[in-house]
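# Analysis of the macromolecular model
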Amino acid sequence: MALSAPVCNFGWQAVDFELADTRGTRHTLASLRGPSGLLLMFICNHCPYVKAVIDRICCDAREVQKLGFGVAAVMSNDAIEYPEDSLANMQRVASEMDFPFPYLHDDTQRVARAYGAVCTPDFFGFNADLKLQYRGRLDASGRLPAPAGCRRELVEAMRLIAETGGGPREQNASIGCSIKWRAGGEPA
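Rules and cut-offs
- Residues numbered from 1 in each chain as written.
- Predicted model: local features only at pLDDT ≥ 70, side-chain atom pairs only at ≥ 80, totals over all residues.
- Heavy atoms only, no water.
- Pairing = 2+ DSSP bridges.
- Helix = DSSP H or I, 4+ residues; strand = E, 2+ residues; numbered from the N terminus.
- Core = buried A, V, L, I, M, F, W, Y, C linked by side-chain atoms within 4.5 Å.
- Buried < 20%, exposed > 50% of the residue type's maximum accessible area, 1.4 Å probe, protein only.
- Contact = heavy atoms within 4.5 Å.
- 1 Å grid on protein atoms, 1.4 Å probe; cavity = no way out; pocket = protein on both sides within 12 Å on 5 of 7 lines; lining within 4 Å.
- Points joined across faces, edges and corners; volume = space filled by probe spheres on them.
- Nonpolar A, V, L, I, M, F, W, Y, C, P; charged D, E, K, R; others polar.
- Arc of directions from axis to C-beta.
- Salt bridge = Lys/Arg side-chain N within 4 Å of Asp/Glu carboxyl O.
- Polar contact = N/O pair within 3.5 Å; in protein donor to acceptor, adjacent residues only side chain to side chain.
- Disulfide = S-S within 2.5 Å.

## Some remarks on the pairing of strand S2 (residues 18-21)
Two strands pair when backbone bridges link them, and S2 and strand S3 (residues 26-28) are joined in this way by three bridges, in the antiparallel orientation. Looking at S3, one finds that Glu-18 is bridged to Thr-28. Turn length for the S2-S3 hairpin, with the two strands adjacent in sequence and antiparallel, is four residues, and the turn residue Gly-24 shows positive phi of about 90°. One ladder, built from two bridges, connects S2 with strand S6 (residues 103-105); its direction is antiparallel.

Right, here's the structure in full:
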């Protein structure tokens, strides 16, 4: 089921967490942030919206890193019901796609809940003070190929945050597959 992310809650403070990546390295909010802030993305392996844009996510992540941001992706789906999102498959995808960022496994789903993530992809752009400034989409393509001249909304927003500390006041919500919550809707 496709869902849209809520409107940006400007100034919302990033919540600390500790998660392991696909190589077993543990990361925290402090270890992930860069001097300009942090781009935290909720993605998964099976969602057609993510699959359609993952090349552009990797490309844009590299550009955002050059602006001084830390970048990380979090996978929070129920991998028992969606085995394509298992840790082993996360490791495979991260390696095959040469992810330029840590791919974090949120097996308890606590980080997704703390951030209010609703879909994949769901982008959270934080400034140097780790205050939310962007909760928009990658670009206008959705799960279609990007048309010629398509605005790179995520990169533009992160550039503005790097330059001014504030995000664009007009943002288009990301759309994607819903987070696949465990039965009962509560983390294990």
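## Section: the nonpolar core
Core analysis: the biggest nonpolar cluster contains 32 residues, and Leu-39, Met-41, Ile-43, Ile-57, Phe-99, Phe-101 and Tyr-103 have the highest contact counts within it. Those residues in contact with Tyr-103 that sit more than four places away from it in its chain are Ala-20, Asp-21, Thr-22, Ile-43, Cys-44, Asn-45, Ala-73, Val-74, Met-75, Met-90 and Ala-94. Counting 21 residues, the second largest nonpolar core, distinct from the first, contains Phe-17, Ala-72, Ala-112 and Ile-179.

## Regarding the layout of surface pockets
What the largest pocket holds in volume is close to 190 Å³. As for the largest pocket, its lining consists of Asp-21, Thr-22, Arg-23, Gln-91, Ala-94, Ser-95, Asp-98, Phe-99, Phe-101, Pro-102 and Tyr-103. The element contributing the most residues to the lining of the largest pocket is helix H3 (residues 87-96), with three residues. Of the residues contributing to the lining of the largest pocket, the split by class is five nonpolar, three polar and three charged.

## A closer look at H3
Buried residues of H3: Met-90, Val-93 and Ala-94, and no others. Across the axial projection of H3, the buried residues extend over an arc of 100°, all falling on one side. The exposed set on the far side of H3, more than 90 degrees from its buried face, consists of Ala-88, Ser-95 and Glu-96. Those residues of H3 that are buried lie in contact with strand S5 (69-75) and S6.

## Some words on unusual backbone geometry
The amide bond that connects Thr-120 to the next residue, Pro-121, takes the cis arrangement and shows omega of 0°. Structurally, Pro-121 is set in the loop between strand S7 (119-120) and strand S8 (122-126). Notably, Asp-98 is not glycine yet its phi reads approximately 55°, a positive angle. With respect to the helices, strands and loops of the structure, Asp-98 is situated in the loop between H3 and S6. Phi angles above zero are rare outside glycine, and Leu-130 is one such case at about 60°.

## Some details on the pattern of salt bridges
Working definition: two side chains of opposite charge can pair if their charged atoms are close together. Evaluation of the coordinates by the stated rule reveals eleven salt bridges. Of the charged contacts in the structure, one is a salt bridge between Arg-151 and Glu-156, with a shortest N-O distance of 2.7 Å. Residues joined by salt bridges that share partners form a network here, namely Asp-60, Glu-63, Arg-152 and Arg-159.

## With respect to the environment of Leu-40
In this structure, Leu-40 sits in strand S4 (residues 37-42). Put simply, Leu-40 and Glu-156 are 116 residues apart on the chain and 16 Å apart in space, counted from C-alpha to C-alpha. In this structure, Leu-40 is in contact with Phe-17, Ala-72, Val-74, Tyr-115, Asp-122, Phe-123 and Phe-124, ignoring residues within four places of it in sequence.

## A look at the side chain of Gln-109
Its location among the elements puts Gln-109 in the loop between S6 and helix H4 (110-115). Here the side chain of Gln-109 touches Arg-182 through a polar contact of 3.2 Å, landing on its backbone nitrogen. Excluding residues within four positions of it along the chain, Gln-109 makes contact with Ser-76, Asn-77, Asp-78, Lys-180, Trp-181 and Arg-182.

## Focus: the state of the cysteines
Under the defined criterion, the tally for this structure stands at zero disulfides. Not part of a disulfide, Cys-58 finds its nearest cysteine sulfur in Cys-59, a span of 8.8 Å. Looking at Cys-59, the relative accessible area reads 42%, which means it is partly exposed.

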